[in-house]
Amino acid sequence: MSIVEEAESGFSIRVSGRLLLIRHWGVMTCTLGKAFAEQYKAAIRPLQDTHWAEVIDLVDVLAVEPGRRDEVATLFEYENLQNNVATAYLISDRTAPEHLRDLRYLIQTQTASFADQFFRDPLEALNWVNQ
């Protein structure tokens, strides 16, 4: 598992079989976005030859770095361009509304052919990606 922290923000990436488990918390910054892109590429390398899915926990994402939304979105977009099977996003009332808006826009405009779904229950998310 890789964990990267910056002040009170960060992310973790863990691979379990053919499932990628990602958690973001705090403020999503350009620095974290660059680190995430590198760690993500390394984590999915062994999964590229088979079907796989991911669960992304955004429950504790508070905001995107002020004035850097487009730059941060570009850095985090890499995951949405992979030809994986499914991505389940965990959200809650604490998830930043502007981050959800940006994420929904990114999903609507992507060209990849896999499924995306938002969940408030981690077990439902796991069951959905395991279908």
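None of these values were measured; they are calculated from a predicted model.

Turning to the sheet that holds strand β4 (residues 53–64), a few remarks are in order. Taken in spatial order, the six strands of this open sheet run β1-β2-β3-β4-β5-β6, and their pairing is mixed. Since the sheet does not close on itself, it has two edges, and those belong to β1 (2–6) and β6 (115–119), each with one partner. The mean inter-strand angle of the sheet, taken between neighbouring strand axes irrespective of direction, is 15°. Summarising the sheet, strand β3 (residues 19–28) and β4 pair through nine bridges and their orientation is parallel. Within β4, the position partnered with V27 by the bridge is A63.

Scanning the model with the defined rule gives four salt bridges in all. Among the ionic pairs, K41 bridges to E38, the shortest N-O distance being 3.3 Å. Linking K41 with E38, this pair stays in helix α1 (residues 30–44), spanning three residues, or about one helical turn. Where D60 meets R94, a salt bridge forms, and the shortest distance between an N and an O atom there is 2.8 Å. You can see D60 sitting in strand β4 and its partner R94 sitting in the loop between β5 (86–90) and α3 (97–109), a full 34 residues away along the chain. Taking relative accessible area as the criterion, D60 reaches 24% and is therefore assigned partly exposed. Connected via shared salt-bridge partners are R23, D60 and R94.

About the thresholds
Residues numbered from 1 in each chain as written. Predicted model: local features only at pLDDT ≥ 70, side-chain atom pairs only at ≥ 80, totals over all residues. Heavy atoms only, no water. Pairing = 2+ DSSP bridges. Helix = DSSP H or I, 4+ residues; strand = E, 2+ residues; numbered from the N terminus. Axes fitted to C-alpha atoms, helices over the stretch in contact; angles between N-to-C directions. Salt bridge = Lys/Arg side-chain N within 4 Å of Asp/Glu carboxyl O. Buried < 20%, exposed > 50% of the residue type's maximum accessible area, 1.4 Å probe, protein only.

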